[in-house]
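Given next are the chains, with one letter for each unit.
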Amino acid sequence: MTAGAVARSSTSTTIERTPRMRTLRDTWLIFHRSIVLTIRQPVWIIFGIMYPVLYLVLFGPLLNGAIGAAGAGTSAYNWFVPGLLVQIALFGTAFGGFGLIAELRYGVVERMRVTPMSRTAMLLGRSLRDVVILLTQALIMTVLAIPFGLHLDAAGIALTFGVLALIALVVAPLSYSAALILKSEDAFAPLVQGIVMPLLLLSGILLPMALAPDWLRFLSSINPLTHAVDAARALFNSEWGNPEIRIGVAITAALAVVAVWIASRTFGRANA
Amino acid sequence: MTSPTPIRSTMIDTTDLRRTFKTRAGTVEAVAGVDLHVGSGEIFGFLGPNGAGKTTTLRMLATLITPTAGEATVAGADLRRQPQLVRQRIGYVPQGGSTDPAETGRGELVLQARLYGMSKGDAQVRAAEILAVLDLEAAADRGTGTYSGGMRRRLDVGLGIVHRPRVLFLDEPTTGLDPQARARMWDEIRKLRELGTTVFLTTHYLEEADALCDRLAIIDHGLIVAEGTSDQLKQKVAGDVVTIGVNGSGASVLTLVEAMPFVREASHDAEAGLVRLYVDHGETAVPHLLRSLDAAGFAPTSIALNKPSLDDVFLRQTGRSLREEAA
């Protein structure tokens, strides 16, 4: 071995890690970076729940009168608030790709692709940031709804938040995938809008699907988000025996696995 | 026993490297078979007009896009089979920035060091070291969005060297910088060479290739048209360059001068109204030329005698001026 080679190897501070260790570590690094950058501009966390808060304040009271007629049980807010939480989970994370497009433009993504870091961690770190921001927003939203007459159950709320996290893990990876492929806000915004709006309207977030004609109810029943909303409502109100819990959680969890797998591949592709 | 003299090792070695892109118009060969050999500790310049294939070649060597064909070894690792090892050993500074405006310079450096596997403590020490070397300490804890162009570019370079790579790739490192910041960047790049780092940079600035690079390759339409030291390339042009302003009668002047025994090569640029000649001894050729033009009834609007520049090298190889292409 030459002296030069010795000098070179001694300057290396790299520790050998297994690929799985590397993915975990890099996920934490990217999560940490992105959450710090998000918290530096907290106004966006508030912006994210502006519309749902408007629905709560300006639409909720209207619903309170109407829902009684539709027979949705106890408090209209106990029916409505879990739906609004799902709405935050869907909207907040679906537009997460915007941030990634900005990072692409800054050259940050390319810079990281040249490092040996895990490609999956680029996705997971950002998606977990989205989950944490979402849960913060959901907590604020839940607290704001208390004065309107929301009945609270700690276990129910915790489990509902679990469903919200699963929804975020479906939507965020797909949003990041689309952003990586499209690379432009002009193409990304209409795509997301075009997917999210029908999903939302068909999920029964605003009004009970019991009011819908048959064809609309059928479309709603094949919308996976409907089942997530039903599960969230059942959990929020501690209806532990409700079969919608199992169905909604199973569908959402399965979709999350598929979404993470697809998005990991997009991030891992050499030329993306 | 072999002699203990250290043999300069090869840091970048490519054989017939190619990259095609599919577009709506058809298949475009952006890099059409490039052979490069860059030695350890060199500053190697990759010169060419926009769209010549510089960045595509660089991105292939930096593992960002996979070659369509060909082989390459970078920093002792096989580009196709060991991209992860290549990544560990190289640094890459993309064109047009690499930092988030909301993140601080220090934050970016620490993260980058950690992504290369350093512990938190090591990363912080290394970040402070780089901030000091690149004179960014005062701005270290400000968002990079507040940096000047020159500062941001220096930080980009800092991010590329945080893990002490063997080879550093710089894509157009001084594009958009003012002359002072450019000179500063050249100094930083020379310092890297002193530390033993091999630097591979692309540029479309002739002055930069001339002043900064130990060796260079000129690329046009995806092919290398010349390679060597700046002096070697200029010698290939063979002789001095005489440029005559011809005022519309270019074709006839060209016929006239091509017949002269001391003219090695001549070309006519109708757009610029110039005839360009390559002659062996410019000083004695010019009086001859003037007399002959006069006798034939041509009145040149201007005449200039120059030692060959890299632009003449480019012009001779491609028939176009890089100066015009870059403008």
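What you see as residue numbers is a count from 1 along each chain, following the sequence as written. Naming scheme: in the order in which they are written, chains are lettered from A and ligands are numbered from 1. Only residues with pLDDT of at least 70 get local features here, since the model is predicted, and only at 80 or more are side-chain atom pairs given and counted; chain-wide, interface and lining totals rely on the full set of residues.

**Student:** Kindly report on the overall build of chain B, identifying the contributing residues and their values.
**Tutor:** Put simply, DSSP H or I for four residues or longer makes a helix, DSSP E for two residues or longer makes a strand, and each gets a number counted from the N terminus. Across its full length, chain B carries 12 helices and 14 strands. We call a residue exposed when 12 or fewer other C-beta atoms sit within 10 Å of its C-beta, buried when the count reaches 20 or more, and partly exposed for counts in between; the C-beta positions come from the backbone. For chain B, with 327 residues in total, the buried portion stands at 45%. Intrachain contacts of chain B at a sequence separation of at least 6 include 69% that bridge at least 24 residues. In this description, a residue-residue contact is defined by the distance between C-beta atoms placed from the backbone, which must lie within 7 Å.

**Student:** So what's going on with the interface of chain A and chain B? Which residues, and what values?
**Tutor:** Frequently, the measure chosen for interface size is the accessible area that the parts lose on association. With 25 residues of chain A at the interface, the matching set in chain B holds 27 residues. Sorting the residues of the side of chain A that touches chain B by element identifies helix 1 (3-11), helix 2 (19-39), helix 6 (97-106) and helix 7 (108-113) of chain A as the ones contributing at least two each. Per-element tally for the side of chain A that touches chain B: the top contributor is helix 7 of chain A, with five residues. When its residues are assigned to classes, the side of chain A that touches chain B shows 10 nonpolar, eight polar and seven charged. In this classification, Asp, Glu, Lys and Arg are treated as charged, Ala, Val, Leu, Ile, Met, Phe, Trp, Tyr, Cys and Pro as nonpolar, and every other residue, Gly included, as polar.

**Student:** Give a description of the environment of B:Leu131 that names residues and reports values.
**Tutor:** Residues and elements named next belong to chain B. Residue position: Leu-131 is located in helix 4 (residues 120-133). Using a count of 21 C-beta atoms within 10 Å as the deciding quantity, one classes Leu-131 as buried. The spatial distance from the C-alpha of Leu-131 to the C-alpha of Gly-158 is 7.7 Å, given a sequence separation of 27 residues. Not counting residues up to four positions away in its chain, the partners in contact with Leu-131 are Gly-105, Arg-106, Leu-109, Leu-136, Glu-137 and Ala-140.

**Student:** Break down the domain arrangement of chain B for me, citing the residues and quoting the values.
**Tutor:** What fixes the domain bounds is an automatic or database domain assignment. The assigned domain composition of chain B is domain 1 (10-231) and domain 2 (238-307). Its C-alpha centre places domain 1 of chain B at a distance of 41 Å from the equivalent point of domain 2 of chain B.

**Student:** Before we move on, could you go through unusual backbone geometry and cite the residues and values that matter?
**Tutor:** It is generally the case that most residues other than glycine have a negative phi and that most peptide bonds are trans. Positive phi, close to 60°, is recorded for A:Lys183, a residue that is not glycine. With respect to the secondary-structure elements, A:Lys183 resides in the loop between helix 9 (154-182) and helix 10 (185-201).

**Student:** Explain the sheet that holds strand 14 (residues 302-306) of chain B to me, using residue names and the numbers behind them.
**Tutor:** In a beta sheet, neighbouring strands are held together by backbone hydrogen bonds and run either parallel or antiparallel to one another. All names here are of chain B. At least two DSSP bridges between two strands are needed for those strands to be called paired. Spatial ordering of the open sheet is given by 12-13-11-14, a layout of four strands whose pairing is antiparallel. In this open sheet, the two strands that pair with only one neighbour each are strand 12 (263-269) and strand 14. Here the strands of the sheet are splayed against their neighbours by 15° on average, with no regard to which way each runs. The angle between two axes is taken between their N-to-C directions and runs from 0 to 180 degrees, where each axis is a line fitted to C-alpha atoms and a helix contributes only its stretch in contact.

**Student:** Tell me what's going on with the pairing of strand 8 (residues 198-203) of chain B, and back it up with residues and numbers.
**Tutor:** Residue and element names in this part refer to chain B. Of all the six residues making up strand 8, six are buried; the element is thus mostly covered by neighbouring parts of the structure. With burial as the criterion, each face of strand 8 is covered, one bearing Thr-198, Phe-200 and Thr-202 and the other bearing Val-199, Leu-201 and Thr-203. In this sheet, strand 8 lies alongside strand 3 (residues 43-47) in parallel orientation, the contact comprising five bridges. Looking at the pairing, Ile-43 lines up with Val-199 of strand 8.

**Student:** An account of the sheet that holds strand 7 (residues 167-171) of chain B is needed here, citing residue identities and associated values.
**Tutor:** Residues and elements named next belong to chain B. Spatially, the six strands line up as an open sheet ordered 6-7-8-3-9-10, and their pairing is mixed. Because the sheet does not close on itself, it has two edges, and the strands there are strand 6 (90-93) and strand 10 (223-228). Taking the axes of each pair of neighbouring strands and ignoring which way they run, one obtains an average angle of 15° across the sheet. Relative to strand 7, strand 6 runs parallel, the two sharing four bridges. Considered in strand 7, the bridge of Gly-91 is made with Leu-168. Packing against the sheet, helix 1 (residues 54-61) makes contact with strand 3, strand 7, strand 8 and strand 9 (215-220), and its axis sits at approximately 150° to strand 7. On top of the sheet, helix 5 (residues 149-161) reaches strand 6 and strand 7; it is set at about 160° to strand 6, its chief contact.

**Student:** Residue-level account of the pairing of strand 12 of chain B, with values.
**Tutor:** All names here are of chain B. Here strand 12 runs beside strand 13 (residues 274-279); their pairing, made up of six bridges, is antiparallel. If you follow Asp-269 over to strand 13, its bridge partner there is Leu-274. If you look at the hairpin formed by strand 12 and strand 13, you'll find four residues sitting between the two strands, and Gly-273 has a positive phi there, around 65°.

**Student:** Can you break down the packing of helix 2 of chain A against helix 8 (residues 119-145) of chain A residue by residue, with the values?
**Tutor:** Residue and element names in this part refer to chain A. Between helix 2 and helix 8, the shortest axis-to-axis distance is 7 Å and the interhelical angle comes to 45°. As summarised for this structure, helix 2 and helix 8 are arranged oblique, according to the angle between their axes. Two packed elements cross with a definite hand, and for helix 2 against helix 8 that hand is right-handed. Listed contacts from helix 8 to Thr-23, Asp-26, Thr-27, Leu-29, Ile-30, Phe-31, Ser-34, Ile-35 and Thr-38 of helix 2 are Thr-120, Ala-121, Met-122, Leu-124, Gly-125, Arg-126, Leu-128, Arg-129, Val-132 and Ile-133. Here the contact of helix 2 with helix 8 is built from residues that sort into 10 nonpolar, six polar and three charged. Just so you know how the angles are binned, under 35 degrees is roughly parallel, over 145 roughly antiparallel, 65 to 115 roughly perpendicular, and the rest oblique. Left-handed is the label given to a crossing in which the near helix is rotated counterclockwise from the far helix by less than a right angle, and right-handed is the label when the rotation is clockwise.

**Student:** Can you tell me about the environment of B:Gly53, naming the residues and giving the values?
**Tutor:** Residue and element names in this part refer to chain B. As for its position among the elements, Gly-53 is in the loop between strand 3 and helix 1. Note on Gly-53: 26 C-beta atoms within 10 Å, which makes it buried. Sequence separation between Gly-53 and Val-31 is 22 residues, and the spatial gap between their C-alpha atoms is 5.5 Å. Apart from residues no more than four positions distant in its own chain, Gly-53 is found in contact with Ala-30, Val-31, Gly-48, Ile-219 and Gly-222.

**Student:** With reference to specific residues and values, describe the packing of helix 5 (residues 76-94) of chain A against helix 10 of chain A.
**Tutor:** Residues and elements named next belong to chain A. Between helix 5 and helix 10, whose axes approach to 11 Å, the crossing angle comes to 175°. In this view, helix 5 runs roughly antiparallel relative to helix 10, as classed from their interaxial angle. Packed against helix 5, whose contacting residues are Gln-87, Leu-90, Phe-91 and Ala-94, the element helix 10 presents Val-192, Val-196, Leu-199 and Leu-200 at the interface. For the contact of helix 5 with helix 10, the class distribution of residues is seven nonpolar, one polar and no charged.

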